[in-house]
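The primary structure of each chain is shown beneath.
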Amino acid sequence: MVEPIEYMQRTRRFYEARGFSPYQWAQHTTIPWQQPRKALENSRVALITTAVPDEAVPKPARTATSWALSDAPAHFGTQELSWDKHTTHTNDRRSYFPLEDLRDAAQSGYIGSVAPRFHFLPTQFSQRQSVNVDGPAVARACLDDEVDIAILVPL
Amino acid sequence: MIIGAAMDIVNHCGVPRFLYNDMPLGNPLGRPDDRTMQRQTLRQALDLVAAASGPVIAQTEFQWSSDDAWRSNFMRVAVTGRPEK
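Keep in mind the model is a prediction, meaning the values are calculated, not measured.

**Student:** I'm lost on the overall build of chain A in this one. Help?
**Tutor:** Across its full length, chain A carries three helices and five strands. When the helices and strands of chain A are placed in sequence order, the string is α-β-β-α-β-β-α-β. For chain A, the spread of C-alpha atoms along the principal axes amounts to about 50 × 40 × 35 Å. Burial analysis of chain A (155 residues in total) assigns 33% to the buried set. Contacts in chain A between residues at least 24 apart in sequence constitute 77% of all its contacts with a sequence separation of at least 6.

**Student:** In this structure, what is going on with the environment of A:P60? I would like to understand it.
**Tutor:** Residues and elements named next belong to chain A. Examined against the element boundaries, P60 turns out to sit in the loop between strand 1 (44-49) and strand 2 (65-68). For P60, a count of 6 C-beta atoms within 10 Å puts it in the exposed group. Separated by 64 residues in sequence, P60 and Q124 place their C-alpha atoms 8.9 Å apart.

**Student:** How should I be thinking about the interface of chain A and chain B in this particular structure?
**Tutor:** Reports often express the size of an interface as the amount of accessible area lost when the parts come together. If you look at the interface, chain A gives 47 residues, while chain B gives 44 residues. Among the secondary structure elements, those contributing two or more residues to the side of chain A that touches chain B are helix 1 (7-17), helix 2 (99-107) and strand 5 (149-153) of chain A. Among the elements that line the side of chain A that touches chain B, the one with the most residues is helix 1 of chain A, at seven residues.

**Student:** Hey, could you run me through helix 2 (residues 35-51) of chain B in this one?
**Tutor:** Since the α-helix advances by 3.6 residues per turn, residues separated by three or four positions end up pointing in the same direction. For helix 2 of chain B, which comprises 17 residues, the first-to-last C-alpha distance of 24 Å matches the rise-based estimate of 24 Å (1.5 Å per residue) to within 8%. Buried within helix 2 of chain B we find B:M37, B:Q38, B:T41, B:L42, B:A45, B:L46 and B:V49. Tucked into the core, helix 2 of chain B has its buried residues touching helix 2 and strand 5 of chain A together with strand 1 (2-4) and strand 2 (17-20) of chain B.

**Student:** Hey, could you run me through the nonpolar core in this one?
**Tutor:** Burial of nonpolar side chains together is a common tendency in soluble globular proteins. The biggest cluster of nonpolar side chains holds 51 residues, and the ones touching the most others in it are A:A46, A:I48, A:A150 and A:I151. Every element with two or more residues in this core is listed here: strand 1, helix 2, strand 4 (117-120), helix 3 (127-144) and strand 5 of chain A together with strand 1, strand 2 and helix 2 of chain B. Here this core takes five residues from strand 5 of chain A, the largest share from any one element. The residues touching A:A150, leaving out its near neighbours within four places in the chain, are A:A46, A:I48, A:C142 and B:M1.

**Student:** Just checking my understanding: could you explain the packing of helix 2 of chain A against helix 2 of chain B for this structure?
**Tutor:** The relative placement of two packed helices comes down to the angle between their axes together with the axis-to-axis distance. Contact geometry for helix 2 of chain A and helix 2 of chain B: axes closest at 10 Å, N-to-C directions at 60°. Accordingly, the angle class assigned to the pair helix 2 of chain A and helix 2 of chain B is oblique. Crossing hand, helix 2 of chain A versus helix 2 of chain B: right-handed. Residue-level inspection shows A:D101, A:L102 and A:A105 of helix 2 of chain A in contact with helix 2 of chain B, the latter providing B:Q38, B:R39, B:L42 and B:L46. When its residues are assigned to classes, the contact of helix 2 of chain A with helix 2 of chain B shows four nonpolar, one polar and two charged.

**Student:** Mind showing me how you'd approach unusual backbone geometry here?
**Tutor:** Residues other than glycine predominantly adopt negative phi, and peptide bonds predominantly adopt the trans conformation. Even without being a glycine, A:E146 presents a positive backbone phi close to 55°. Mapped onto the elements, A:E146 comes out in the loop between helix 3 and strand 5. Note on A:E146: 11 C-beta atoms within 10 Å, which makes it exposed. The phi dihedral of B:D33 is positive, around 70°, even though this residue is not glycine. Along the chain, B:D33 falls in the loop between strand 2 and helix 2.

**Student:** Just to check I follow, could you spell out the environment of A:R18 for this structure?
**Tutor:** On the secondary structure map, A:R18 appears in the loop between helix 1 and strand 1. Sequence separation between A:R18 and A:S108 is 90 residues; the distance between their C-alpha atoms is 50 Å.

**Student:** What should I look at first to understand the environment of A:R103 in this one?
**Tutor:** In this structure, A:R103 sits in helix 2. As for A:R103 and A:V45, which are separated by 58 residues in sequence, their C-alpha atoms are 9.7 Å apart.

What counts and how
- Residues numbered from 1 in each chain as written.
- Chains lettered and ligands numbered in written order.
- Predicted model: local features only at pLDDT ≥ 70, side-chain atom pairs only at ≥ 80, totals over all residues.
- Helix = DSSP H or I, 4+ residues; strand = E, 2+ residues; numbered from the N terminus.
- Buried ≥ 20, exposed ≤ 12 C-beta atoms within 10 Å, placed from the backbone.
- Contact = placed C-beta atoms within 7 Å.
- Expected span 1.5 Å × (residues − 1).
- Core = buried A, V, L, I, M, F, W, Y, C linked by C-beta atoms within 7 Å.
- Axes fitted to C-alpha atoms, helices over the stretch in contact; angles between N-to-C directions.
- Parallel < 35°, antiparallel > 145°, perpendicular 65-115°, else oblique.
- Left-handed = near helix turned anticlockwise from the far one by under 90°.
- Nonpolar A, V, L, I, M, F, W, Y, C, P; charged D, E, K, R; others polar.

Below you can see the structure in the form of structure tokens.
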């Protein structure tokens with residue numbers, strides 16, 4: 001296998017070249033762990049995305065939000081996010097938001113069900129906002145929906 | 001469970017379960033329109049949730065392409081020290 005791209009080093013160099021101070025990446029002191037309480041075929045699975053469902057909300061005002069699956073846009077807002085725009089595109093929603101494959105998994109009995117809502121986590125420079133506000137909001141929403149497994153697919 | 005394409009960032013953070021897909025940022029489930037790769041990536045992530053008994057990082061077997069030139073694209077800094085657009 002090829003060595004993974006060193007995004008932290010590359011990001012540091014990119015922003016240092018622009019005159020910014022180095023970013024301090026988030027790190028858990030202990031890794032949170034919970035053993036699944038149900039078998040996969042009985043589990044309700046939710047999706048969490050950092051792709052933007054509603055671009056009308058300006059970036060500084062974005063907070064974690066929950067959406068009915070029927071409200072998932074055909075194309076999320078992705079242009080403001082940091083991804084490899086030289087190499088690829090995000091025109092295929094299924095390359096970053098696997099709702100169809102998740103529904104197929106439920107239909108075939110691979111998982112129990114798909115949760116009624118998906119959740120948006122804004123890409124935040126502020127770790128405090130993510131840890132103290134947005135993350136807990138998504139966690140509460142998942143508990144409300146009786147989610148067993150949450151899959152975060154950051155863009 | 002996290003499915004993503006940035007191994008070092010997620011590994012540094014420390015997460016319960018991470019399935020790493022060696023793709024350009026933007027397509028963590030796999031190549032656009034590659035339904036087999038995307039479906040299999042999701043299934044591998046679900047299987048990882050079922051099988052793991054502690055914090056785990058796994059990697060899919062997928063490749064973006066046989067040509068690795070794409071790896072130098074993202075946030076490239078030119079030899080002048082200036083970031084390339």
